[in-house]
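# Reading the structure
Listed here are the chains, written in short residue letters.
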Amino acid sequence: KRIHEMKFECSINQIPDNWDNRIRDNGDLTQTTFWARVISKIDKAVPIFLEMYDDEQNIIGKVLLFHKFPWDRDRQKLKSDFKSRILRKGWLECCGLPIIYTSDKDKEELFYSEVINWAGKYAKDNKLMYINFLKIFGTANDDERLKELFAIKVYKPEVWATYIVDISIQEEELWEKT
């Protein structure tokens, strides 16, 4: 199979036009502009929007990342403990699963590979301590090829939390607030 030329786009701290289009059917709240605004405000994090298109301008995938800092939400200032001083330059974080719009596994793998490569370069250029892809290895995504790809790039899974979700809110109400 021949993979055509792809276009990989990055927008740092600037929401791309039409970012939220089709997220409702393919993604989750953690990939919306609403989430970007919330996390930017409460954590003083920098949102980073990555998208990849094929040569016919069909979207392959997109993902919202954050350049996060050791920010104290309660005190609204940088934390000053020892660990926070080490992490002063921050880390890169992806809260939810990237949104994939193609059924072509080769294109999907290429998208993930580009995201991993971009994240690694960004982390190195900005002297970040680590990169955190929170849900890539979770139960929502059991794609062995994807896990292999991340392992090749020296990422390993680490379980550290469980989300508790209030399911009493109707889906329509949630989407009205995004």
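For the structure itself, look to the data block above.
Predicted, not measured: the structure shown is a model, and the values here were computed from it. (Residues numbered from 1 in each chain as written. Predicted model: local features only at pLDDT ≥ 70, side-chain atom pairs only at ≥ 80, totals over all residues. Heavy atoms only, no water.)

### What about the pattern of salt bridges?
Inclusion rule: Each salt bridge in this description consists of a side-chain nitrogen of Lys or Arg and a carboxyl oxygen of Asp or Glu lying within 4 Å of one another. A 1.4 Å probe rolled over the protein chains alone gives each residue an accessible area, and that area as a share of the maximum for its type sets the label: buried under 20%, exposed over 50%, partly exposed in between. By the criteria applied, helices consist of DSSP H or I runs no shorter than four residues and strands consist of E runs no shorter than two, each listed in order from the N terminus.
For the structure on display, the rule yields six salt bridges. Here E9 and K7 are joined by a salt bridge, their closest N and O atoms 3.0 Å apart. Assessed through its relative accessible area of 35%, K7 is described here as partly exposed. In this structure, E108 and K105 form a salt bridge, with 3.2 Å as the shortest nitrogen-oxygen distance. Pair noted here: E108 and K105 are both in helix α4 (residues 105–125), with a separation of three residues, about one helical turn. Accessibility expressed as a relative area gives 41% for K105, which makes it partly exposed. One salt-bridge network, held together by shared partners, links D43, K68 and E93.

### Things to note about the nonpolar core
Going by this rule: Buried Ala, Val, Leu, Ile, Met, Phe, Trp, Tyr and Cys residues form a nonpolar core when they are joined through side-chain atoms within 4.5 Å. We call two residues in contact when some of their heavy atoms are within 4.5 Å.
Counting residues in hydrophobic clusters, the biggest one holds 20 residues, and the most contacted among them are L65, L92, F111 and W118. Put simply, the parts of the chain that give this core at least two residues each are β2 (46–53), β3 (59–68), β6 (91–94), α4 and β8 (131–133). Ranked by residues supplied to this core, first place goes to α4 with seven residues. Apart from residues lying up to four places away in sequence, L92 is in contact with I48, L65, F66, H67, W118, A119, Y122, L128, Y130, I131 and N132. Formed by 14 residues, the second largest nonpolar core is a distinct cluster that contains I23, A45, F49 and F66.

### Points about α4
For an α-helix, 3.6 residues make a turn, and residues three or four places apart therefore share a direction. Stated precisely, the cut-off is as follows: Given the number of residues in a helix, its expected span is that number minus one, multiplied by 1.5 Å. N or O atoms within 3.5 Å of each other form a polar contact, as long as, within protein, one can give a hydrogen and the other can take it, and as long as residues adjacent in sequence are counted only when both atoms are side-chain atoms.
With 21 residues, α4 extends 30 Å from end C-alpha to end C-alpha; this agrees with the ideal 30 Å at 1.5 Å per step. Listed as buried for α4 are K107, E108, F111, Y112, S113, V115, I116, W118, A119, Y122 and A123. Backbone nitrogen of D106 and a side-chain oxygen of the N-cap are separated by 2.9 Å at the start of α4; the cap is D104. A positive phi of about 55 degrees marks K127, the residue just after α4.

### Structural notes on the packing of aromatic side chains
Within a pair of aromatic rings, the relevant descriptors are the distance that separates the centres and the angle that separates the planes. As a reminder of what qualifies: Geometry of aromatic contacts follows a simple scheme: Phe, Tyr and Trp rings, the Trp one being its six-membered ring, pair when their centres are within 6.5 Å, and the pair is stacked under 30 degrees between planes, edge-to-face over 60, tilted otherwise.
The final tally for this structure, using the stated rule, is four aromatic pairs. Ring geometry for W19 versus F49: centroids 4.8 Å apart, planes at 75 degrees, classification edge-to-face. With W19 in the loop between β1 (7–12) and α1 (23–26) and F49 in strand β2, this pair connects stretches of sequence that are 30 residues apart. Judged by relative accessible area, W19 falls into the buried class, the value being 1%. Exposure remark for F49: the relative accessible area of 1% places this residue in the buried category. Taking 4.9 Å as the distance between ring centres and 15 degrees as the angle between the ring planes, the aromatic pair formed by W118 and Y122 counts as stacked. Within this pair, W118 and its partner Y122 are both found in helix α4, separated by four residues, close to a single helical turn.

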